[in-house]
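Here are the chains, one letter per residue:
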Amino acid sequence: MTARILVVDDIAANARLLEARLSTEYYEVKTVHDSRNVIAIARNWQPDAVLLDVMMPEIDGYEVCRRLKAEAATAHIPVIMVTALREPPDRRQGLFSGADEFLSKPVEHEILLARLRGVIRMKRVMDEWRARDAATAALGLRASQSLDEHPAPAITLIVDDLLIRAHRLQDVLARQDIKSILVQHEAEAMAALEGQDFDLITVSLSLTLSDPLRLVAKFQSNASTRETPLLLIAEHDQRDLVIGGLNLGATDCVMLPLDESEFLLRSHGHIRRKKYQDSLRNDVSNALSLAVIDPLTQLFNRRYLTSYLDRLCAEIPSRNFAMLVIDIDHFKMINDRLGHPVGDRVLCSVAEILRANLRKSDLISRYGGEEFVAVIGAMADDERALKVAEKLRQAIEDMTFMADIRITTSIGVSVYDGGISAAALIEQADAALYDAKRTGRNKVMLYTPKCGDENELWSVAGS
Ligand SMILES: [Mg+2]
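Here the structure is a predicted model, which means the values were calculated and not measured. (Residues numbered from 1 in each chain as written. Predicted model: local features only at pLDDT ≥ 70, side-chain atom pairs only at ≥ 80, totals over all residues.)

Engineer: How should the sheet that holds strand β7 (residues 178-183) be read in this particular structure?
Structural biologist: The pairing of strands in a sheet happens through backbone hydrogen bonds and is either parallel or antiparallel. An order of β7-β6-β8-β9-β10 is seen for the 5 strands of this open sheet, with the pairing classed as parallel. The outermost strands of the open sheet, each flanked by one partner alone, are β7 and β10 (252-255). Taking each pair of neighbouring strands and ignoring which way they run, the sheet shows an average axis angle of 25°. Note that strand β9 (residues 230-234) and β10 share 4 bridges and pair parallel. Across the sheet, residue alanine 234 finds its bridge partner in β10, namely methionine 255. Contacts between helix α6 (residues 163-175) and the sheet are confined to β6 (154-159), β7 and β8 (200-204), with β7 contributing the most and set at about 165° to the helix. (Pairing = 2+ DSSP bridges. Helix = DSSP H or I, 4+ residues; strand = E, 2+ residues; numbered from the N terminus. Axes fitted to C-alpha atoms, helices over the stretch in contact; angles between N-to-C directions. Contact = placed C-beta atoms within 7 Å.)

Listed below in structure tokens is the structure:
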């Protein structure tokens, strides 16, 4: 995993040492010695993580971190504080200022790499959601939101088979109104995932009933927990397990004996990020479905159809498919005489018939007004396309809407066999539809180069 790391240390030798170590791991590294420059460099260079010294003249690491986290352009960049200070109050101050991780000097190389991989993985997931969110916002579908807006109720899964330790975690979380469910081994944990979405999972590395690393791997491979923050609870002599867990995808680690406020700060930070990701995901998928689904009939809309056809024509030029433009005859009369609510019900009923008579792999859309377009997939030729269109026409003619309303449709058909654009294909089907309308309605017409030629039509109609 290559990534950009910004190393901040007022002592050049320290920064160079870290730079040398990280470069051997193929990280792209930039070093800064003057803490006053950090914000500007982070803003412009957009690193994937910042390794931040705490004790610095001018502006100390806590303040640099606060400023990074306060600015929109840098708030999403994970910060790992690196310091000689070891006392819990210092760690808490680091977490309070928004640091994502806290490492003690001298930094153990393996721990540093495991932590870096962890925060970078976290950032990548966030980047992806931020990008999708920005894309939907750019379409004007919703207002982009910030990390601070998040709903409160949260639930944690605690995996531990030493009850005294587990209950302590539960008590601490409960003080912040974070609910928790306690399970003691792997099978119980997997059962708990059914029907419940957790905001945080803690796994004790001292489990005796299950292999804790196997459990971490399992949470990582499970679709419902892959993006759930996973916090390891470790004893000081479990260094190798910690590294193993982080490398398997655990998000973070808390050492025992438990520092309650540190545990809470870390849990709270992870839950907050998880909630933010959840809300982005929901907003993006809602916005996307709003953008491509016709609200009345629940069919795809014209926008989706157009991009789908463009892709079909551009990416698989050798594949055949047929396009049907289906238009309800005299629909304006239904709306005028019976009112728009009845018109809407007719549209929904036609949509139902189309759904019932076409395959799942065929794309059905409401093209606009009373016009529908069906794209019939692979291996469609003239004969099959006409057969399908005739079946649809007949099914709609046979249907009685609301006791006594009967409607008919005219259908234009064009078959794609490479070489033309999506727009030209739609024009062809439209020309065929126009001919069907002009020659009496309630019929299916296949596009031929003569379609739309009125002289030709009248001679056909007259014959
Ligand atoms: Mg220093």
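Engineer: I tried to follow the pairing of strand β4 (residues 79-83) on my own but got confused; where do I start?
Structural biologist: Remember that side chains alternate between the two faces of the sheet whenever the strand is regular. Judged by how many residues are buried, β4 sits mostly within the fold: 5 of 5 residues are covered. Looking at chain direction, strand β3 (residues 49-53) and β4 are connected through 4 bridges and run parallel. What sits directly across from leucine 51, in β4, is isoleucine 80. In this fold, β3 hands off to helix α3 (residues 61-70), which returns the chain to β4; that crossover is right-handed. (Buried ≥ 20, exposed ≤ 12 C-beta atoms within 10 Å, placed from the backbone. Right-handed = clockwise from strand over helix to strand, strands pointing away.)

Engineer: How should I be thinking about the environment of proline 47 in this particular structure?
Structural biologist: One can find proline 47 in the loop between α2 (38-45) and β3. A tally of 23 C-beta atoms within 10 Å means that proline 47 is categorised as buried. Counting along the chain gives 43 residues from proline 47 to arginine 4, while the straight-line C-alpha distance between them is 4.7 Å. Apart from the residues within four sequence positions on either side, proline 47 is in contact with Arg4, Ile5, Leu6, Ala42 and Ile77.

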